[in-house]
Amino acid sequence: MREGQIDVAIVAGPRIKAWPTLGVRMLSRWCADAGLKVGWYGGPDLKVRGVLPLEGSGGIVIVQDLQNRIHRMQAKAIVKVTAPLNFPNPFPGWYSPGLVPESTARKLLEEASLSWQPVVVILGTGNRALRLGSEMLQRRIASRVVCLESVFDHVQGWEVEKRRFEVLGGRFVYGQLSSLTAKSPFLWELKIQDQNGIRVIDTARVISVGPFESDPGYKEYPGGSYLFEWRNSDQLAFVNDVESIMLDEARAVVLASRLLKGLADSAGDVKLQLERALWIAKQKLRELETLGEHRFAWKHEGKWLSPESKQVLTGFPGTPKNLQPGKWLASIECVEAIGCRACERSCPTNAIQIERDVYGGTKSFLIENDCTGCGQCLIACPSQVPVMMDGDHTRSFSHLILPYRERVPLKKGDKVTLLNRKGEVLVQSKIVDFFIEGDVMKSEVPLYKVEVPTHLVWEVRGMVGIAPKPEVESPDDLYQERGLRTEVQIQGDIRRVRENQTISMSLFELGVARPNDILVCEDGSCGLCQIDVDGMKKFACESTIHQGMAIRFTRDHHPSSELCPCSEVTVESFKGMCAAAKPETVEALSPLSEAGRGRCHGIICREACIRTAKECGIRTENREVDWSFPWSDWVLKG
């Protein structure tokens, strides 16, 4: 047992994969610069087992290292960093292998050989949902992707992400989830109740992304305890999760200010710097959090922009006003005040200087005299918004420069279909030439020069190749094998699976995954995917396939519509308890219900329980942070 003392401990909660996150680095830097002793605990070398809150404020962090030694770190303030994991409110069949969270879906996309046809349904219309759908369409993993909005009355993501998703062929559906039923190991029937009745979609998989409620950011409970829970993005690249990382950066400054006021005696210049950064961070948060009040959508009359939208487009400071023959100029049409600055950061001549006011208005954007038409903003934009145009509109045909991020490259002379902002077909054209010849597999986005009828230069904003598909010469062309296969026993049956992949991935590939396997948490933190491997208890997410191994299931959770599958608490019984006990706050429910106290420690059902409590009229504004110890099943071996 090793003990120590520290001012601020930043700890990784269960299922945090990338550690430390960008937000954690920023928070720790501000605190350290102010003279506080800061440490972050987590990652592959230090596994956080839980926190023991102390009376008054602060607590003790219990950490286990690679040698299974236990460390107790007493901290005046503790920040528990959690990963976003959104499940919808329970409906018949929701707890089954047919519905997986975003984190599991991404692992299946990268590591498993699965078919995602005929269609993929994504629950939620936030930026993460739209971005995942766009990636699947760009990589041609799925030919059809539908985003389902069941909570809000409009798309929650940015207009630029919505535009990109629709241009690529994605579609939206509004309605309430009715049921999810298995038709085969790789095909599920999803029923959706909308205003016209029941809509049925046969889907390969349903991916739960959200949001299903407003993001609380970080919260402290109890008040004045200096025990914080902070939801962080686990992406390390800005372009992979622009909105979440921007929120993390701004909230890191606000949280650092809160910590320094209570813990730092005197920080001098650091506090002055933090005050300036705090003002900027609050402005950014105000932009992001009030964006819904200034939601923008392009209006069309048929396939063409309406006169009202054309007026907005031509008057926006990001679009060129003085086009000249032979001179390429960028047109950056981020009319919505989203706060992203990727194009501004990439511009080598500072021709992009974005300045907006707190009400969503744009004061400055593109400085045309400084724009050299280099195309860097087209490559940098994660939402594929900018295009480049020249000023020669005296002829019947003009040219546009468009990015094309799909894995299948185009060649000079290839025929393409040009699309409007909704993804609708406008006209057929061809690739005139490469403007920048990149490799999308290496994040170098190729830019293509396409021929466009002059009257469509302000309408065309996307394209898709229409080259004829090559004939399949052998069945092997339809399937790409990943790695060598070996024979194992699963429930007594001989099966051939890929070597050196996790058992969880193999179960999904074979179509025998259980509801217990849907988290794929990699560290056994949920405690659900326990199996028997050659007579020893292990977790499927941690164990890898090897020749001749024998696998048997030791736990079996059946597909369920219960609120808490681990403790078998139903929505009806939970609501009945709320009506009978009439607790004023959500934390008062803890001693009354077993919901959230099962094997997964509330990972699956906690947020759904809080949303259900809110439906019953219980206050959830200052809901408690779950400091129950330990955070996951843990056996201390002597």
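Draft legend 1. Region of interest: the overall build of the protein. Secondary structure assignment for the protein yields 12 helices and 31 strands. Taken against the 2.2 N^0.38 rule, which gives 26 Å for 638 residues, the C-alpha radius of gyration of the protein at 26 Å falls within 12% of a compact globule. Dimensions of the protein, computed from the C-alpha atoms along their principal axes, are close to 80 × 70 × 50 Å. Across the 638 residues of the protein, 55% fall into the buried class. Nonlocal contacts in the protein, meaning residues at least 24 apart in sequence, comprise 66% of its contacts between residues at least 6 apart. Looking at the protein as shown, the accessible area adds up to about 28,800 Å², and 49% of this sits on carbon and sulfur atoms. A distance of 1 Å separates the average location of the 80 positive side-chain charges in the protein from that of its 81 negative side-chain charges.

Draft legend 2. Molecular detail of the pairing of strand β2 (residues 38-41). The alternating pattern of β2 places Gly39 and Tyr41 on a buried face, while none of Val38 and Trp40, on the opposite face, is buried. Here strand β1 (residues 2-12) pairs with β2 via four bridges, running parallel. Paired with Val11 across the two strands is Tyr41, which belongs to β2. The β-α-β motif built from β1, the intervening helix α1 (residues 22-33) and the parallel element β2 has right-handed crossover chirality.

Draft legend 3. Up close: the side chain of Glu161. Summarising the element assignment, Glu161 is placed in helix α4 (residues 159-167). With a relative accessible area of 1%, Glu161 lands in the buried category. When neighbours within four sequence positions are excluded, Glu161 is seen to be in contact with Asn127, Leu130, Arg131, Pro382 and Ser383.

Draft legend 4. Quick look at unusual backbone geometry. Cis rather than trans, the peptide bond between Gly210 and Pro211 has omega equal to 10°. Following Phe629, the chain continues into Pro630 via a peptide bond in cis, with omega recorded as -10°. Mapped onto the fold, Pro630 is located in the segment after α12 (606-615). A positive phi angle is found at Asn68, which is not glycine, with a value near 65°. Here Asn68 lies in the loop between β4 (59-65) and β5 (70-82). Note on Asn68: relative accessible area 52%, which makes it exposed.

Draft legend 5. Just the environment of Ser525, in detail. As for its position among the elements, Ser525 is in the loop between α10 (503-510) and β29 (530-533). Looking at Ser525, the relative accessible area reads 4%, which means it is buried. When the C-alpha positions of Ser525 and Leu272 are compared, they lie 41 Å apart, and in sequence the two are 253 residues distant. Ser525 has contacts with Pro14, Arg15, Ile603, Trp631 and Ser632, leaving out every residue within four places of it along the chain.

Draft legend 6. Representation of the state of the cysteines in the model. Scanning the entire structure with this criterion turns up zero disulfides. No disulfide involves Cys566; its sulfur sits 3.9 Å from the nearest other cysteine sulfur, which is in Cys600. Sulfur of Cys578: no disulfide; nearest cysteine sulfur belongs to Cys616 and is 4.4 Å away. Here Cys578 falls in the buried class, since its relative accessible area comes to 5%.

Draft legend 7. Quick look at the nonpolar core. Core analysis: the largest hydrophobic core is formed by 87 residues, its most contacted members being Trp116, Ile122, Met136, Ile207, Ile503 and Phe574. Here this core spans two domains, since at least three of its residues come from each of domain 2 (99-208) and domain 4 (485-553). Ignoring anything within four residues of it in the chain, the contact list for Trp116 reads Ala105, Leu108, Leu109, Met136, Ile141, Ala142, Ala204, Arg205 and Ile207.

Draft legend 8. Quick peek at the domain arrangement of the protein. As far as domains go, the protein holds domain 1 (2-83 + 217-293), domain 2 (99-208), domain 3 (300-465) and domain 4 (485-553). Taking only C-alpha atoms, the centre of domain 1 and the centre of domain 3 are 39 Å apart. Tallying the contact residues gives nine residues for domain 1 and 11 residues for domain 3. Roughly 870 Å² of surface becomes buried between domain 1 and domain 3 when both sides are summed, with 61% attributable to carbon and sulfur atoms.

Draft legend 9. View of the environment of Thr82. Looking at where Thr82 falls in the secondary structure, it is placed in strand β5. Classification of Thr82 by relative accessible area gives buried; the value is 13%. Residues Thr82 and Thr570 lie 488 residues apart in sequence; the distance between their C-alpha atoms is 26 Å. Setting aside its immediate chain neighbours within four residues, Thr82 contacts Ile16, Glu229, Trp230, Arg231 and Asn232.

Draft legend 10. Inspection of empty space enclosed by the protein at higher detail. Counted under the stated rule, the structure contains four cavities of 30 Å³ or more. Taken together, 25 residues make up the lining of the largest cavity; nearest its centre are Thr82, Glu229, Gly602, Ile603 and Arg606. With four residues, α12 is the largest single contributor of residues to the lining of the largest cavity. Of the residues belonging to the lining of the largest cavity, the class tally is 10 nonpolar, six polar and nine charged.

Draft legend 11. The arrangement of the sheet that holds strand β28 (residues 493-498) in detail. The sheet built from five strands is open, its strands ordered β28-β27-β31-β29-β30 with mixed pairing. Both outer strands of the open sheet, β28 and β30 (536-539), are each paired with one neighbouring strand and no more. On average, each strand axis in the sheet is inclined to that of its neighbour by 40°, with strand direction left out of account. In this structure, β29 lies alongside β30, joined through four bridges in antiparallel fashion. Each residue of the ladder has a partner; that of Asp532, found in β30, is Lys537. Along the sheet, α10 contacts β27 (485-490), β28, β29 and β31 (550-553); its crossing angle with β28, the most-contacted strand, is approximately 110°.

Definitions and limits used
- Residues numbered from 1 in each chain as written.
- Predicted model: local features only at pLDDT ≥ 70, side-chain atom pairs only at ≥ 80, totals over all residues.
- Heavy atoms only, no water.
- Helix = DSSP H or I, 4+ residues; strand = E, 2+ residues; numbered from the N terminus.
- Rg over C-alpha atoms; globule rule 2.2 N^0.38 Å.
- Buried < 20%, exposed > 50% of the residue type's maximum accessible area, 1.4 Å probe, protein only.
- Contact = heavy atoms within 4.5 Å.
- Areas by Shrake-Rupley, 256 points an atom, 1.4 Å probe, with all protein chains shown as cover.
- Lys, Arg positive; Asp, Glu negative; His and termini not counted.
- Charge placed at Lys NZ, Arg CZ, Asp CG, Glu CD.
- Pairing = 2+ DSSP bridges.
- Right-handed = clockwise from strand over helix to strand, strands pointing away.
- Disulfide = S-S within 2.5 Å.
- Core = buried A, V, L, I, M, F, W, Y, C linked by side-chain atoms within 4.5 Å.
- Domains from an automatic or database assignment.
- Buried area = accessible area lost by both parts, 1.4 Å probe.
- 1 Å grid on protein atoms, 1.4 Å probe; cavity = no way out; pocket = protein on both sides within 12 Å on 5 of 7 lines; lining within 4 Å.
- Points joined across faces, edges and corners; volume = space filled by probe spheres on them.
- Nonpolar A, V, L, I, M, F, W, Y, C, P; charged D, E, K, R; others polar.
- Axes fitted to C-alpha atoms, helices over the stretch in contact; angles between N-to-C directions.

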